[in-house]
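Descriptive structure summary
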Amino acid sequence: MRAPAPTLAGLHGCDQTRPLYSRFSALYFRTPAWLKRAARSAFASRQGRLDGLIARYLAFLEGAPAGDGRPVPALLTHDVDTAAGLATLPRLLAVEEGLGLASLTFLVTHRYRWERAALAPLRERGHAFGVHDTTHDNRLAYLPPADVESRIRRAQEALGPLDSGAFRAPAFLRSASLYAGIASRVRIDFSTNDAALVWPHPGDGLGSPFPVRYRRMVVAPTTLPRDGELLALGLDRDATLDVCRRKATQLARVGAPLVMLTHPDPTFTDTTARMETYGDFLAWLKSDIRFRLLSPAETLAELNVRATVELAA
Ligand SMILES: [Zn+2]
C-alpha cells in the first residue's frame, strides 16, 4: 500500500462547504453551550454510526508503510476561543506541568481581554503561543488574501514577543485565499488535519500525517482526534483514551508526529474529569519510548526539519 500523499486540495479544504455559522458568526458564539453541544451530537450522529466513524478514522493509516522506527515528536496544542477558556487555561497547563511537559497555545487576540504580562510567566515555564485569528468570526478563510494578511499582522503585533510564528485557522476552515494571505507571515501552520474524525467533515484534511512545506511555511497537520470531536461523539474516558492511543500508535508506526488539540473553553476540556483523562493520556505518552515530548520550541524546530515534501504553490 502506498503512503498517503499530501494534496493541495486537502490543504485548502477544497471539498469543504462553507458552514452557515461562518456567515452568521453569532450562531457560533452566542448559542448557549448546552445547545451547541446538543447540536454537535445531533450532527455527529447524522454522520453515521459511531463505530463506523472511528473505524473510518483509523483506517486512514492502517495500510501505510512503517517508518524508520525513530521516536516521533509529540506537540500539545490548545485553541483558546473565549474569555472563560483563557481563565481555565492555567488549570490545563498545570496538568502538563505536573508531568514536566509544556504546550503551544493559540490565542484569539481581539475577542477577549488578555495581557502579555500575565502570559509571560507561562512562557518562562516553557509554554509557547501563536495566533488563532483576531476575532474568530469564522470568516477568515472567506476574505481576500490582503485582508487575511492584515488580520494576521494585527494579531501577531498584539502577541509581540510572545509570538512563535505558529497559526491555526478558526474551526479548521481553509481556502486558497487563506493560504495566500498567511504565507508571508506564518512560519508554521496547524490549520489542517491529516484526516479529520468529524469536522469540518469526516476525512477532511491534508491527506497525510507528515509535515510539508508550502511556499515559505511548514504545514503540520493536527493528527490526533480533537477534544470537541470526541466529546460530540459522546465518548467516555475509556473510549477516548482507546481511540487516542490507537491513533498515536499508528503515528509512531508510520513515523509521523503527534499534534494534539484540546480547548480549555466551556463544553471542551474544562472539567476536572476531562482534564484527568487528558493527564492520563499524557502520562501514557510520556511512559512510552516511541514518543518524544520535548518543549514546544524544540518540537516546532523538529517539525521544520521533518517537513521535507514540498507542495506545489
Ligand atoms: Zn477556535
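Predicted, not measured: the structure shown is a model, and the values here were computed from it.

1. Some thoughts on the overall build of the chain
Check the secondary structure of the chain and you find 13 helices and 10 strands. For 313 residues, the compact-globule estimate of 2.2 N^0.38 gives 20 Å, and the C-alpha radius of gyration of the chain, at 18 Å, lies within 12% of that figure. Burial analysis of the chain (313 residues in total) assigns 45% to the buried set.

2. Structural notes on the packing of helix α5 (residues 50–62) against helix α11 (residues 237–254)
Where α5 contacts α11, the two axes come as close as 9 Å, and the packing angle between them is 15°. Between α5 and α11, the interaxial angle falls into the category roughly parallel. Remark: the crossing between α5 and α11 carries left-handed chirality. From α5, I54, L58 and L61 reach across to α11, where they touch V243, R246, K247, Q250 and V254. Among the residues making up the contact of α5 with α11, the classes are represented as 5 nonpolar, 1 polar and 2 charged.

3. Focus: the nonpolar core
Nonpolar side chains in soluble globular proteins generally cluster together in the buried interior. The biggest cluster of nonpolar side chains holds 77 residues, and the ones touching the most others in it are I188, V219 and L258. Setting aside chain neighbours within four positions, we find V219 in contact with L11, D189, T192, L206, P211, V212 and Y214.

4. Overview of α5
End to end, α5 covers 18 Å across 13 residues, agreeing with the expected 18 Å (1.5 Å per residue, within 8%). Looking at α5, one finds that the buried residues are L53, I54, Y57, F60 and L61. Angular distribution of buried residues about the axis of α5 spans 105°; they occupy a single face of the element. Residues of α5 that are exposed and point more than 90 degrees away from the buried face comprise D51, G52, A55, A59 and E62.

5. Some thoughts on the environment of A84
Tracing the backbone shows A84 in helix α6 (residues 83–97). Its 16 C-beta neighbours within 10 Å are what place A84 among the partly exposed residues. Beyond its immediate chain neighbours, meaning those up to four positions away, A84 contacts D265 and P266.

6. Looking at the packing of α6 against helix α12 (residues 272–286)
Where α6 contacts α12, the two axes come as close as 9 Å, and the packing angle between them is 30°. One finds that α6 runs roughly parallel with respect to α12. Between α6 and α12 lies a crossing of right-handed hand. Residue-level contacts link R91, L92, V95 and E96 of α6 to M275, Y278, G279 and L282 of α12. When its residues are assigned to classes, the contact of α6 with α12 shows 5 nonpolar, 1 polar and 2 charged.

7. Overview of the pairing of strand β1 (residues 72–80)
Extensive coverage of β1 is indicated by the burial of 9 of its 9 residues. Direction of pairing for β1 relative to strand β9 (residues 291–292): parallel, over a ladder of 2 bridges. Each residue of the ladder has a partner; that of V72, found in β9, is F291. In terms of strand pairing, β1 meets strand β2 (residues 104–107) through 4 bridges, oriented parallel. Across the sheet, residue D79 finds its bridge partner in β2, namely F106. Between the parallel pair β1 and β2, the chain is carried across by α6, and the sense of this crossover is right-handed.

8. Describing the pairing of strand β3 (residues 128–131)
Neither face of β3 is exposed, since A128 and G130 on one face and F129 and V131 on the opposite face are all buried. Across 4 bridges, β2 lies against β3 in parallel orientation. In the sheet register, T105 faces β3, and the bridge partner there is F129. Handedness of the crossover is the feature at issue here: the chain leaves β2, passes through helix α7 (residues 116–124), returns alongside β3, and the resulting connection is right-handed. Bridge count for β3 against strand β4 (residues 163–167) is 2 bridges, and the pairing is parallel. When the bridges of β4 are listed, V131 appears paired with F167. Between the parallel elements β3 and β4, the chain passes through helix α8 (residues 145–159) in a crossover that is right-handed.

9. Observations concerning unusual backbone geometry
Residue P200 is reached from W199 by a cis peptide bond, and omega for that bond is -5°. Not every positive phi belongs to a glycine, and H136 is a case in point at roughly 55°. As for its placement among the helices and strands, H136 is situated in the loop between β3 and α8. Positive phi is not limited to glycine here, since T267 has a value of about 75°.

The rules behind these values
- Residue positions are counted from 1 within each chain, in the order its sequence is given.
- With the structure being a predicted model, the display of local features is reserved for residues of pLDDT at least 70 and the display and counting of side-chain atom pairs for 80 or more, all residues being used for whole-chain, interface and lining totals.
- Secondary structure elements are taken from DSSP: a helix is a run of H or I of four residues or more, a strand is a run of E of two residues or more, and numbering for both begins at the N terminus.
- Atoms counted for the radius of gyration: C-alpha only. Globule rule: 2.2 Å times residue count to the power 0.38.
- Exposed residues have 12 or fewer other C-beta atoms within 10 Å of their own C-beta, buried residues have 20 or more, and partly exposed residues fall in between, where C-beta atoms are placed from the backbone.
- Between N-to-C directions, angles cover 0 to 180 degrees, with each direction set by a line fitted to C-alpha atoms, over the stretch in contact for helices.
- Should an angle fall under 35 degrees it is called roughly parallel, over 145 degrees roughly antiparallel, and 65 to 115 degrees roughly perpendicular, with every other angle called oblique.
- Left-handed is the label given to a crossing in which the near helix is rotated counterclockwise from the far helix by less than a right angle, and right-handed is the label when the rotation is clockwise.
- The contact criterion used is a C-beta to C-beta distance within 7 Å, with each C-beta placed from the backbone.
- For this scheme, ten residues count as nonpolar: Ala, Val, Leu, Ile, Met, Phe, Trp, Tyr, Cys and Pro. Four count as charged, namely Asp, Glu, Lys and Arg, and the remainder, Gly too, count as polar.
- Buried Ala, Val, Leu, Ile, Met, Phe, Trp, Tyr and Cys residues whose C-beta atoms connect them within 7 Å together make up a nonpolar core.
- Expected span, for any helix, means 1.5 Å times one less than how many residues it has.
- The directions considered for the arc are those from the helix axis to the C-beta atoms.
- Here the rule is simple: two strands pair whenever DSSP picks up at least two bridges between them.
- The handedness rule is simple: strands pointing away from the viewer, and a clockwise path from the first strand over the helix to the second, make the crossover right-handed.

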